[in-house]
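# An overview of the molecular structure
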Amino acid sequence: MKVKLIKNGQIVFPDRDEPVEGDIYIEDDRIERIELKGEGKAGKKAGKAGGSGRESAKDEVIDASGLLVFPGFIDVHVHLREPGREDCETIASGTEAAAAGGFTAVACMPNTTPPIDNQESVMFVKQRAHGCKARVYPIGAISKGRKGKELAEIGEMVRTGAVAITDDGSPVNDAGMMRRAMEYAGMFGIPVISHAEDISLSGRGVMNEGYESTRLGMPGIPPFSEEICISRDITLCKYIGTPLHIAHVSTEGSVDLIRRAKAQGVNVTAEATPHHFTLTDVEIGKEFNTNLKMNPPLRTQRDVDAVIEGLADGTIDIIASDHAPHAPEEKEVEFDQAPNGIIGLETMVSLAGTFLVKTGKLSWNDLARKLSANPSRIMRLPGGDLLAGGVADITILNPKSTWTVRVDKFRSISRNSPYDGWKLNGRVKYTIVGGEVTFAD
Amino acid sequence: MTFKRRHLLGLEDVTADEIMTVLETTTVFKEVLERPIKKVAPLRGLTVANIFFEPSTRTRVSFELAEKRLSADTMSFAAATSSVKKGETLKDTVRNLEAMKIDMVVIRHQSSGVPYFLTRFCSSSVINAGDGQHEHPTQGLLDIYSIWEKYGSLDGLRVVLMGDAKHSRVIRSNVWGLTKLGASVAVCGPPTLLPVGLENTGVEVYTDIDKALDGADVVNVMRIQLERQEAGLLPSLREYTSLFGITKERLKRLNKNYTIMHPGPINRGIELADEIADSSHSVILEQVTNGVAVRMAVLFLLAGGDRSQTDEG
């Protein structure tokens, strides 16, 4: 369904402090104009004043009374598993899940099989994404084969459409390699995304190192494994200046390092996942559920509080899911044998609504920044705001609706979520990409 | 009698009352083991599968003997390596064994948490015979029984657990059980082998062996593995012996009626001086005897614990 008009919605602009009521008129894939109640036509940056004023067909009008209308949400950290593990997720199924979760765009990680480390692979992802339910922006690998030895053909990947580079899933172990990656990426202006982990410290660890790992007899991943690598990358960024984006920040010390770096003017940004602001390592011992195993691991309550604080004070710019599909037979195994990661596209927005907005830590307008404006700005992607003349990528949310997570209802092929059965607040009503409805509840 | 659970997964989640029930029941079975015909019938008709994914002689034999002496039908399944690598998941392996109609599963596995994982899909009673570095509850119970048998109570006793706390499931089970029964517990070893937050389990943590042994009643010495040196956690076993080995000289710091324990197998001359292992203060062989009785008690209680059955010869 093509949408012509979204009327009476509470529009959540990223640069305002609270939602304002208004109507959004859409022409083809663009926002034609926005009329705000009490502010007259074209609340801001109206392209064409006046508008056509013609009557829209009924099915092209969404009555958004009592609903929140956001610039389309963008998830900058998802694993779509194609090519290589189409049994867990495909670009088609992953974007279905994205649409159901309120996302109009995703940036996908290069740790596929084979990895996205050359222009043909980038092209493949873009071709596969054609006609899918969300915009897909490939992220290229830093190194050939993600081996951390030789630079991948970053220039060609950027030219083909890669929006950033990372070896996510593994860190770049060698500081010299990371330096060269940042220097080289600098000429394209793209961010280098750091999966921050010092392998010599995390070793065979399978969960956060602390009282819980001691209690459960599990090899631990200390918080300083992440923090030392972030320190290294921040230091490199200070000298080199290429935008540095820290993926999945999980510890109090990491938040602190990024906060101080930003205060010093270092060109660093950061993201946090819902699991790192909703769950702690205490959950693991209850039943050794491998859907609580991810990297970086669930940390302590202090870390959760620090991540939320970092989101609230702007240290952490983005909420991203780290959507990591895995087949049931891979996850239904011994805890230390299970692969890392959980899926998150279809729960992220409601987890943020429940644990950040309902608790008063963040406002809905903050969410428009964390899920739309900042992802768009940092990864240099279209959208991120609601502007006349801008793309009509829009997410409409019912803030009052509560629902219960049922993993068997997910659009994702995979089911590896720890949130099955959770009651959450805030539910996606419509997802609209380029004026086309990709999801309606 | 307080013992209603279906599984024995660890000592962290059992109560002091439950442990006392096991200890008292163990005494009954220890008496059975002194009889000319060492067999009773409470598990007659029940089938127990011993599934060992990690090499073990003593624990497996001890369980098998305990099961036979309770008249259970037993079968043992040894897997040299994790079945994951052979293309069959642990879940499938266990469900296949269970399809042969078994009532209880005794499992040893190199991954922490596996017995808990089993309870999610097994209908049998699950007994943890050692999971990774997590727990080894029957070893903990037999250690506690051996102390209780000698002193009559654990209340106020000072027990030192010597060695590699980071990698030891025996130390973990001992810590939970001993502290629940009122013992004052100290753990001693080099900092590289002490896990983070150990002090939060309610024990004192020492790196100075002389301070740890001062005024102690019981020293339970753990085997030190050569792999720890190879992994860079210790400079050498030689230095470990000089800093943490139990020697005659160091025994002077203990209370008069002291006890030396070791879950075996012993590295003689490394963590424990040869002569001490065989001294009158050592209960190391008694621990092995008690192991069978404790496992009989655990199997019996998990199977429902009808005491009238224990009199049958």
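What you are looking at is a predicted structure, and each value in this text was computed from that prediction instead of being measured. (Residues numbered from 1 in each chain as written. Chains lettered and ligands numbered in written order. Predicted model: local features only at pLDDT ≥ 70, side-chain atom pairs only at ≥ 80, totals over all residues.)

## Some points on the overall build of chain B
We apply this condition: Every helix listed is a DSSP run of H or I at least four residues long, and every strand listed is a run of E at least two residues long, numbered separately from the N terminus. Taken over C-alpha atoms, the radius of gyration is set against a globule rule of 2.2 Å times the number of residues to the power 0.38. Two residues form a contact once the distance between their C-beta atoms, set from the backbone, is within 7 Å.
For chain B, the count of helices and strands is twelve helices and nine strands. A globule of 313 residues ought to have a C-alpha radius of gyration of about 20 Å, and chain B, at 19 Å, matches this closely. Based on the C-alpha atoms only, the size of chain B along its principal axes is roughly 55 × 45 × 35 Å. Counting only contacts in chain B whose residues sit at least 6 apart along the sequence, the fraction spanning at least 24 positions is 74%.

## What to know about the nonpolar core
Basically, it comes down to this: Core membership is restricted to buried Ala, Val, Leu, Ile, Met, Phe, Trp, Tyr and Cys residues, and these are joined into a nonpolar core through C-beta atoms within 7 Å. Here a residue counts as buried when 20 or more other C-beta atoms sit within 10 Å of its C-beta, as exposed when there are 12 or fewer, and as partly exposed otherwise, the C-beta atoms being derived from the backbone.
Ranked by size, the top nonpolar core spans 120 residues in total, and within it V69(A), I165(A) and V307(A) carry the most contacts. Counting residues per element, this core draws most heavily on helix α14 (residues 364-379) of chain A, at seven residues. If sequence neighbours within four positions are ignored, V69(A) has contacts with I6(A), G9(A), Q10(A), I11(A), V12(A), I24(A), A64(A), I394(A) and I396(A). I221(A), F63(B), A212(B) and L213(B) belong to the second-largest nonpolar core, a separate cluster that totals 105 residues.

## Overview of the interface of chain A and chain B
Of the residues lining the interface, 17 residues belong to chain A; the matching set on chain B comes to 22 residues. No other element matches the three residues that helix α6 (residues 211-216) of chain A contributes to the side of chain A that touches chain B.

## Description of the environment of G10(B)
Residue and element names in this part refer to chain B. Positionally, G10 belongs in the segment before α1 (16-34). Expressed as a C-alpha distance, the spacing of G10 and V94, which sit 84 residues apart in the sequence, is 20 Å. Other than its neighbours up to four places away in sequence, G10 contacts N128, H134, E135, P137 and S173.

## Here we look at the domain arrangement of chain B
Residues and elements named next belong to chain B. Heads up, the rule is: Residue ranges for the domains trace back to a domain assignment, done automatically or taken from a database. Polarity classes work like this: nonpolar for Ala, Val, Leu, Ile, Met, Phe, Trp, Tyr, Cys and Pro, charged for Asp, Glu, Lys and Arg, and polar for all others, with Gly in that last group.
The domain architecture assigned to chain B consists of domain 1 (16-135 + 288-311) and domain 2 (137-283). In this structure, domain 1 and domain 2 have C-alpha centres spaced 26 Å apart. Listed as interface residues are 19 residues of domain 1 and, on the opposing side, 17 residues of domain 2. Secondary-structure elements contributing two or more residues to the side of domain 1 that touches domain 2 are α1, β4 (125-131) and α12 (284-302). A class-by-class count of the residues in the side of domain 1 that touches domain 2 yields seven nonpolar, eight polar and four charged.

## So, the sheet that holds strand β3 (residues 104-109) of chain B
All names here are of chain B. Under the convention used in this document: Here, any two strands with at least 2 DSSP bridges between them count as paired. Lines fitted to C-alpha atoms define the axes, with helix axes restricted to the stretch in contact, and inter-axis angles between N-to-C directions lie between 0 and 180 degrees.
Strands sit in the order β2-β1-β3-β4 across an open sheet of four strands; the sheet is parallel. Strand pairing shows two members of the sheet lacking a second neighbour, β2 (73-78) and β4, which therefore form its edges. Here the average twist between neighbouring strands, direction ignored, is 15 degrees. Bridge count for β3 against β4 is five bridges, and the pairing is parallel. Each residue of the ladder has a partner; that of V105, found in β4, is V126.

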